[in-house]
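Coordinates in review
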Amino acid sequence: MYNEAYSLAPFIWRNLINASPDIITQTADHVRGLMQGESSGHDWWHIYRVWQTSLYIAERETVDTHVVQLAALLHDIGDWKFHAGDESVGPRLAREWLQSLSVDEATIAHICEIIANLSFKGASVKPAPLSPEGQVVQDADRLDAIGAIGIGRAFAYGGAKGREMHDPDAAPILHATFDQYKNSRGTTINHFHEKLLLLKDRLNTATARQLAEQRHAFMEAFLAQFNAEWNING
Ligand code: ADP
Ligand code: NI
């Protein structure tokens, strides 16, 4: 016999003790609506992968999974790369959204701080300190920039921004300031040397370092093959 009160009990109970699943679902729906179909490698599926990878890492570290998930979902909302270099857009949009859900101020401040400090800012730029939750999301974001998916995203981004794929006469630059990095018009192959190949040594968690090994090796193999094809006469 179907007992409605009994079947709804776990749902109601879960929402009484912790409203997070609902807030997370609403946030995922909101971000999907904003980012679906973007074609430069910052689409909803990038967010989805970072969310899932963040959860994978979070389950193996000691962190607040609620904050990790919200920061992962909101981390590229208003990315500076698509707002004329303005870094304040992301945290502002995240704050407005979380306030509309009546999330408490301490959680909002924590998430906005993560979003503001997550991004890679240049090979020689000292990174901002991150909370353990921020470290998990940063690792997940960085894992999505390397390996097969990272290679795909780099060329998608280069195409969207009108960059040359490769110029053997252009040397990579290890940018010393965020402004230099932001304004760089380098080739996509140089982006591997300026950022992507550096990421495996700039991860925060042991779980991410382990996941990065094979992805890094795959990028190196890709670049070796690319070079071999380019230099057909040796
Ligand atoms: P971050 O916050 O560290 O910038 P994102 O999640 O915003 O990371 O993703 C950056 C993505 O954009 C990466 O996959 C990266 O390969 C790509 N990208 C950024 N700059 C360039 C560039 N100059 N050339 C090619 N790809 C780029
Ligand atoms: Ni990202």
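Residues numbered from 1 in each chain as written. Chains lettered and ligands numbered in written order. Predicted model: local features only at pLDDT ≥ 70, side-chain atom pairs only at ≥ 80, totals over all residues. Heavy atoms only, no water.

1. A short note on the nonpolar core
When a protein is soluble and globular, its nonpolar side chains tend to lie buried together. Formed by 55 residues in total, the largest nonpolar core has its most connected members in Trp51, Leu74, Leu98, Ile111 and Phe192. Those residues within four positions of Phe192 in sequence are excluded, and the remaining contacts are Ile151, Ala154, Phe155, Leu197, Met219, Phe222 and Leu223. (Core = buried A, V, L, I, M, F, W, Y, C linked by side-chain atoms within 4.5 Å. Buried < 20%, exposed > 50% of the residue type's maximum accessible area, 1.4 Å probe, protein only. Contact = heavy atoms within 4.5 Å.)

2. Focus on the pattern of salt bridges
Using the criterion set out here, one finds six salt bridges in the structure. For Arg153, the salt bridge identified is with Asp144, shortest N-O distance 3.5 Å. Measuring nitrogen to oxygen at the nearest pair gives 3.2 Å for the salt bridge that ties Lys200 to Asp201. Among the charged side chains, a salt-bridge network with shared partners connects Arg49, Asp144 and Arg153. (Salt bridge = Lys/Arg side-chain N within 4 Å of Asp/Glu carboxyl O.)

3. Details of the packing of helix α4 (residues 65-74) against helix α7 (residues 132-143)
In the contact formed by α4 and α7, the axes pass within 9 Å of each other and the chain directions differ by 45°. By the criterion of interaxial angle, the relationship of α4 to α7 is oblique. In this structure, α4 meets α7 at a crossing whose hand is right-handed. On α7, the residues that touch Val67, Val68, Ala71 and Ala72 of α4 are Glu133, Val136 and Val137. Each residue belonging to the contact of α4 with α7 can be placed in one class, and the counts come to six nonpolar, no polar and one charged. (Axes fitted to C-alpha atoms, helices over the stretch in contact; angles between N-to-C directions. Helix = DSSP H or I, 4+ residues; strand = E, 2+ residues; numbered from the N terminus. Parallel < 35°, antiparallel > 145°, perpendicular 65-115°, else oblique. Left-handed = near helix turned anticlockwise from the far one by under 90°. Nonpolar A, V, L, I, M, F, W, Y, C, P; charged D, E, K, R; others polar.)

4. A closer look at α7
Along an α-helix, residues three or four apart share an orientation, since each turn contains 3.6 residues. Between its terminal C-alpha atoms α7 stretches 17 Å, which fits the 16 Å expected from twelve residues at 1.5 Å a residue. Counting buried residues in α7 gives ten out of twelve residues, a clear majority hidden from the surface. Looking at the buried side of α7, the elements it contacts are α3 (44-58), α4, α6 (105-117) and α11 (206-230). (Expected span 1.5 Å × (residues − 1).)

5. Digging into the side chain of Gln138
Checked against the element boundaries, Gln138 lands in helix α7. Those residues within four positions of Gln138 in sequence are excluded, and the remaining contacts are Asn117, Leu118, Leu130 and Asn204.

6. Here's the deal with the packing of aromatic side chains
In this structure the tally under the stated criterion is eleven aromatic pairs. Between Tyr48 and Trp51, the aromatic rings sit 6.0 Å apart at their centres with planes inclined by 90°, giving edge-to-face as the arrangement. In this pair, Tyr48 and Trp51 are both assigned in helix α3, three residues apart and thus about one turn of the helix distant. Owing to a relative accessible area of 32%, Tyr48 belongs among the partly exposed residues under this scheme. Relative to Tyr181, the ring of Phe120 lies with its centre 5.4 Å away and its plane at 70°, an arrangement referred to as edge-to-face. Pair noted here: Phe120 is in the loop between α6 and α7 and Tyr181 is in helix α9 (residues 178-183), with a separation of 61 residues, a long-range link. (Phe/Tyr/Trp six-rings, centres within 6.5 Å; stacked < 30°, edge-to-face > 60°.)

7. Some thoughts on unusual backbone geometry
Notably, Ser102 is not glycine yet its phi reads approximately 60°, a positive angle. Mapped onto the secondary structure, Ser102 falls in the loop between α5 (89-100) and α6. On the basis of relative accessible area, Ser102 is assigned to the exposed category, the value being 65%.

8. Things to note about the environment of Gly90
With respect to the helices and strands, the residue Gly90 is situated in helix α5. Judged by its relative accessible area of 3%, Gly90 falls in the buried class. Distance from Gly90 to Leu74, taken between C-alpha atoms, is 8.0 Å for residues 16 residues apart in sequence.

9. What about the packing of α3 against α4?
Orientation of α3 relative to α4, taken along the N-to-C sense of each, is 160°, at an axis distance of 8 Å. Relative to α4, the element α3 is oriented roughly antiparallel. For the crossing formed where α3 meets α4, the hand is right-handed. Contacts between α3 and α4 involve Trp44, Ile47, Val50, Trp51, Ser54, Leu55 and Ala58 on the former and, on the latter, Thr65, Val68, Gln69, Ala72 and Leu73. For the contact of α3 with α4, a count of residues per class yields nine nonpolar, three polar and no charged.

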